[in-house]
Every structure is written in structure tokens, then in C-alpha cells.
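Residues per chain are reported as follows:
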Amino acid sequence: MLKAPKNLCFINGAWRASSSGTTFPVINPATDERIAEVPALSQADVLGAIDAAHAAFGQWGALPARERASLLRTIGDLLLSRREEVGELITREQGKPLAESLGEVSYAAAYLHWFSEEAVRVCGDIIPSDAPGKRIFVLKQPLGVAAAITPWNFPVAMLARKMGAALAAGCTFIAKPAPETPLSALLLGELCEAAKLPPGVMNIITGDAPMIGAALMSSPLVRKVSFTGSTEVGKLLIEQSAATVKKLTLELGGNAPFIVLEDADLDRALAGAMFGKYRNAGQTCICVNRFIVHESVAAHFTEMLAAKTRSLVVGNGLERGTDVGPLINDEARDKVARLIASAEREGARVVAGGAAPAAPSRFITPTVLSGVTSSMDIWREEIFGPVSTVTPFRSDAEAVSLSNDTSYGLAAYLYSRDLSRALSLAEQLDFGMVGINDTAISAVQAPFGGIKQSGFGREGSKYGIDDYLALKYLSVA
């Protein structure tokens, strides 16, 4: 059996238990097995991690970018060298099929490699002045201590995306992984130790989320916080950031539409739909939430989607052939079951699946619902489960209106053979990212993020490092 990491937190280059001696369990959502105990740190422990990151910042921020880049590259290489081990660990604590976990490890390493290359490309400007003899210089400097609060659905990739940008910029870093999936984050700490990252540059802390979040947000030493999670928590962090005026990056909830125009290649749309909806059991922020399909092809596309959905194999992510794993916990299962039941009561029709699991099972049968309208709860809420809803439309204007009928603005998808028409519609969609004939939109080179109540700031790409840098203007006479 795969061993968990050290089951200790990584602070100031050392592995430490909680000063209070308390721990909490990590549970395999597929089997209910208790696979580890990790520290529930005290507030004093958290403040110690902040102090360690602050003390390390001066030396780390002054280190030549090429040296920071080399260390990041090494961590990425080490992650790939342990790909099988880390992938299995992700599946055991998170539940997704092993093939998806292995893909996540490669994706995470790609972010570390990408930002190792961006570290040496942080450049300022010299701006012509109107005044004779004056020079205007613009420098980009690291903000200081950066903290990240990461989600359970991509426990390694989301941490690597934030960590890579912060360390490349010259910030020191504190990571607070989700309580459901701390083990793969702690294993990243082992890789930082093996790469000989200086003490205090990378710190990984676990424990009570509200207490740790409040400690990070209230500390004047923490200059930047990046959060991926719910909109409700994101709003709380905005409020808590006011006292110290922190720089924030927030990647929050989503409610992605998937528009199928009447001229779409339906086979291609179906392939995109299956990846965009059922990956990670529908537990991704950019998952398709609403299929909005032209009325002339709606019935045919719905049956195609239902047939393919019925063929999916649900089971333990470590078992060969599994397509869809469990939901992360009982609360997630109950929410999805509630949304299916409420949609049926409100007039939706179950075309595939629909059966609610009996507790304690966290497996939801992949489901397709037709006849979903904008007045239903399932239209408004982020499903975060393997449930597809189909709504017909008549005109392009109606498709755009239905798509934008949400407080969220993270990702949207559109399928059409007419590229000019698709581009015109994409420009009208109020979302930070739009996939045209494509649902595999996450890429290290691309700026990931949303608008409206899906948050602000961008991660990945050449823009991702900017959120960890401050502009300094020098006026020289």
C-alpha cells in the first residue's frame, strides 16, 4: 500500500506536528477508509509559519531569477519522477479515476516548469519623460509573503499553479490545502525539501479552515492571498482582506453553458460534452452545468448524450475501467441528489440515470435531465456532480441570453461549424473563458479566471505571475 507522506506539516524547512497535539482524519471517499491523520495546527503554529515565510523573503526575493527558476524546474522534475505514486495518492484521498489523477500530476508539473521559465522574464520598462533630463523607470518586484487556499478537486494542480507563480516572482509561500485532500499537498512539501528549497520559502499548513483563513487574512505580513473555492467563501475573504488591503486572486464558482448551434458537428459536440461534464465526476469549476441546444437538434443531441452517459462505468477510481468516481463527501452527494429531485418536481424529465444513492454511498449515477428551464433551482446552482441538464433555444440571441442568465462568469462553451458566427457569439458571452468546439480549455499557457461572481485575477500563462508582483515607479532627475 502506498504510504502517506510524513503526516506532519512542512514549516520553515522542517516537519512539525501541531503544538496542541490534535489531528484530523483523511478519508477515502470511495471506501470510507481512514487513510491518514494530519495535524490540526494551532493559531500559534500558523503565525509561526507566517513568520518563517516573512523571514525567508528577503533572501529569496533577492535571489537571481535564474536560481529560483532552477529550483522550480527541479521540483517539477521530481514530481514527474513520482507520478505514479502521487497519482495513486490523489485517487485515494479525492476519488477520481487513476488515469485522471495521473493526468493531473503531469498538468501540475507543467505549471512548475512553465513558471520556472517565466521567472527569468520579469521585465520592467523605461518610459520617455516630458521633462528634459528626467528618466522614468518601472520595476517589477515580488509582493512578499503569499498564501494560497487550495481546493480538493485538483489538490496538486491548483497548488502547483499558485506556488509556481509565487516562487517564480520571488515571493515566499504558505499553502493551506483543503482538509479533504491534504496528503498530496504535503507530498509536494517532500519534493521541495528534496530540491533543497531554502527554509521558510515553502510552508504547508493544515487544520481548521476558518481559523487559518482568518489568521492569514488578518496578518499584515501576508501581502497576497490566492483562493480557489466557493463564491461564498471568496466574498468572506474579500471582507477580511479590507483591514490589511491585501492583493487577492479569486477563482470562485461557475455555471458553464454549453451552446450547441443547429450547424454543429454533433459527434464532436458529444465528445466535448462527455469530457466537459463528467471529468472528475462533474466536480470541476469549469464543468458544463447547462446544455443549451438549438430546438432543431435538441431531441437528437439529448438522446446521444443520454446513450453515452448510460455507458459510463461508476466505481472506485483505483479499479480498471472506472469512468466516474465518487463525490467527495456526504454533503456533496446530498446536494446533487437534492438538485435532481427538485428538478423532477419542477417538471424536468429524467432521460438517463436519476437514481439517488443510498447512504453511505457517495456514488451518483450519471444523469441527464431534459426540459430544464431557467426558473429551476438546478439552473441557478453550480451542480458539482455528474448531472447534465438540457434546455432548447430558438435564436442566437436567446442562446446568449440564456447563457448569460447567471451570476457566475467563469467558463462557457459553444459548438458550431461557422467560425465567424461562433466568434461573434463568444464575444457576447459574459465569461472569462470561452471554448469554441473545445472543452479542454485549461492550459498552462492560457490565463485561467472569470468575471462577475466567479472572481478576479488570472492564473497560469504569462499573466499569472503579475498577481505576485508590485510595480515600482522611479523618477530620476
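The structure we're discussing is the one just above.
Residues numbered from 1 in each chain as written. Predicted model: local features only at pLDDT ≥ 70, side-chain atom pairs only at ≥ 80, totals over all residues. Heavy atoms only, no water.

A. How the structure looks around the overall build of the protein. Each helix and strand in the protein was counted, giving 14 helices and 22 strands. Scaling as 2.2 N^0.38, a compact globule of 477 residues should have a C-alpha radius of gyration of about 23 Å, and the protein matches this with 23 Å. With the C-alpha coordinates of the protein rotated into their principal frame, the extents come out at 65 × 65 × 40 Å. Considering only contacts within the protein whose residues lie at least 6 apart along the sequence, 73% involve residues at least 24 apart. Between the averaged position of the 45 positive side-chain charges in the protein and that of its 50 negative side-chain charges there is a distance of 5 Å. (Helix = DSSP H or I, 4+ residues; strand = E, 2+ residues; numbered from the N terminus. Rg over C-alpha atoms; globule rule 2.2 N^0.38 Å. Contact = heavy atoms within 4.5 Å. Lys, Arg positive; Asp, Glu negative; His and termini not counted. Charge placed at Lys NZ, Arg CZ, Asp CG, Glu CD.)

B. Inspection of the sheet that holds strand E5 (residues 125-127) at higher detail. Here we have three strands laid out as an open sheet, ordered E5-E6-E22, and antiparallel in their pairing. This sheet does not close on itself; its edge strands, each paired only once, are E5 and strand E22 (469-476). The mean angle between the axes of side-by-side strands here comes to 25 degrees, regardless of whether they run parallel or antiparallel. Relative to E22, strand E6 (residues 135-142) is paired through eight bridges, and the arrangement is antiparallel. By the bridge assignment, arginine 135 is partnered in E22 with valine 476. (Pairing = 2+ DSSP bridges. Axes fitted to C-alpha atoms, helices over the stretch in contact; angles between N-to-C directions.)

C. Quick peek at the sheet that holds strand E19 (residues 433-436). Pairing is mixed in the open sheet, where seven strands are placed in the order E14-E15-E16-E13-E12-E18-E19. What marks the edges here is a single partner per strand, and that holds for strand E14 (349-352) and E19. Along the sheet, successive strands turn relative to each other by an average axial angle of 25 degrees, direction set aside. Pairing between E14 and strand E15 (residues 367-370): three bridges, direction antiparallel. Bridge assignment links alanine 352 to a residue of E15, and that residue is valine 368. Contacting strand E12 (256-260), strand E13 (288-294) and strand E16 (387-393), helix H13 (residues 396-403) runs over the sheet at an angle of about 145 degrees to E16. Helix H14 (residues 419-428) contacts strand E18 (411-415) and E19 of the sheet and is inclined by roughly 165 degrees relative to E19.

D. Spotlight on helix H6 (residues 183-194). With twelve residues, H6 ought to run about 16 Å at 1.5 Å a step, and its terminal C-alpha atoms sit 17 Å apart, in line with that. Of all twelve residues in H6, ten are buried; the element is thus mostly enclosed. Among the residues of H6, Leu183, Ser184, Ala185, Leu186, Leu187, Leu188, Gly189, Glu190, Leu191 and Cys192 are the ones counted as buried. Positive phi appears at lysine 196, one or two residues downstream of H6, with a value of about 65 degrees. (Expected span 1.5 Å × (residues − 1). Buried < 20%, exposed > 50% of the residue type's maximum accessible area, 1.4 Å probe, protein only.)

E. Inspection of the packing of helix H7 (residues 209-218) against helix H8 (residues 231-241) at higher detail. Here H7 crosses H8 at 35 degrees, and the two axes come no closer than 9 Å. When the axes of H7 and H8 are compared, the crossing they make is right-handed. Residues Gly213, Ala214 and Met217 of H7 touch H8, and the partners they reach there are Leu237, Gln240 and Ser241. The residue inventory of the contact of H7 with H8, partitioned by class, reads three nonpolar, three polar and no charged. (Left-handed = near helix turned anticlockwise from the far one by under 90°. Nonpolar A, V, L, I, M, F, W, Y, C, P; charged D, E, K, R; others polar.)

F. The arrangement of helix H2 (residues 65-81) in detail. Compared with the 24 Å implied by 1.5 Å per residue over 17 residues, the 24 Å span of H2 between its first and last C-alpha is a close match. Taken together, the buried positions of H2 are occupied by Arg68, Ala69, Leu71, Leu72, Ile75, Gly76 and Leu79. An end-on view of H2 places all buried positions within 165 degrees of arc, on one side of the element. Set apart from the buried face of H2 by more than 90 degrees, the exposed residues are Arg66 and Ser81. At its buried positions, H2 is contacted by helix H1 (43-62), helix H3 (83-94), helix H4 (98-118), helix H5 (157-169) and H6. (Arc of directions from axis to C-beta.)

G. Inspection of the packing of helix H9 (residues 266-278) against helix H10 (residues 298-310) at higher detail. Look at H9 against H10: their axes get within 10 Å of each other, and the N-to-C directions meet at 50 degrees. Put simply, H9 runs oblique to H10. When you trace H9 past H10, the crossing you get is right-handed. Packed against H9, whose contacting residues are Leu266, Asp267, Ala269, Leu270, Ala273, Met274 and Tyr278, the element H10 presents His300, Phe301, Met304, Leu305, Lys308 and Thr309 at the interface. Its residues placed into classes, the contact of H9 with H10 shows nine nonpolar, two polar and two charged. (Parallel < 35°, antiparallel > 145°, perpendicular 65-115°, else oblique.)

H. Local environment of the pattern of salt bridges. With the rule as written, the count across this model stands at 22 salt bridges. For aspartate 330, the salt bridge is made with arginine 362, and the minimal N-O distance between the two is 2.9 Å. Within this pair, whereas aspartate 330 is found in helix H11 (residues 330-345), its partner arginine 362 is found in the loop between E14 and E15, the two being separated by 32 residues in sequence. Overall, aspartate 330 belongs to the partly exposed group, its relative accessible area being 33%. Look at arginine 362 and you get buried, because its relative accessible area is 10%. One salt bridge in this structure joins arginine 333 and aspartate 334, with 3.0 Å as the shortest N-O distance. What makes arginine 333 buried here is its relative accessible area of 6%. On the accessibility criterion, aspartate 334 (43% relative accessible area) is partly exposed. Connected via shared salt-bridge partners are Asp32, Asp330, Arg333, Asp334 and Arg362. (Salt bridge = Lys/Arg side-chain N within 4 Å of Asp/Glu carboxyl O.)

I. Up close: a nonpolar patch on the surface. On the surface, Leu139, Leu474 and Val476 cluster together into a nonpolar patch covering about 190 Å² of accessible area. When you line up the elements, leucine 139 lands in strand E6. (Patch = residues over 30% accessible without salt bridge, like charges linked within 9 Å, V, L, I, M, F, W, Y side chains within 5 Å. Areas by Shrake-Rupley, 256 points an atom, 1.4 Å probe, with all protein chains shown as cover.)

J. Geometry of the side chain of serine 370. Inspection of the secondary structure assignment puts serine 370 in strand E15. Other than its neighbours up to four places away in sequence, serine 370 contacts Thr302, Ala348, Arg349, Val351 and Val390.

K. Molecular detail of the packing of aromatic side chains. Going through the model one piece at a time under the given rule, you end up with eight aromatic pairs. Look at tyrosine 107 and tyrosine 111: their rings are 4.9 Å apart centre to centre, the planes differ by 65 degrees, and that puts the pair in the edge-to-face class. In this pair, tyrosine 107 and tyrosine 111 are both assigned in helix H4, four residues apart and thus about one turn of the helix distant. Seen in terms of ring centroids, phenylalanine 258 and phenylalanine 301 are 6.5 Å apart; in terms of plane orientation they differ by 20 degrees. Their pairing is stacked. Taken together, the residues phenylalanine 258 in strand E12 and phenylalanine 301 in helix H10 connect sequence positions 43 residues apart. (Phe/Tyr/Trp six-rings, centres within 6.5 Å; stacked < 30°, edge-to-face > 60°.)

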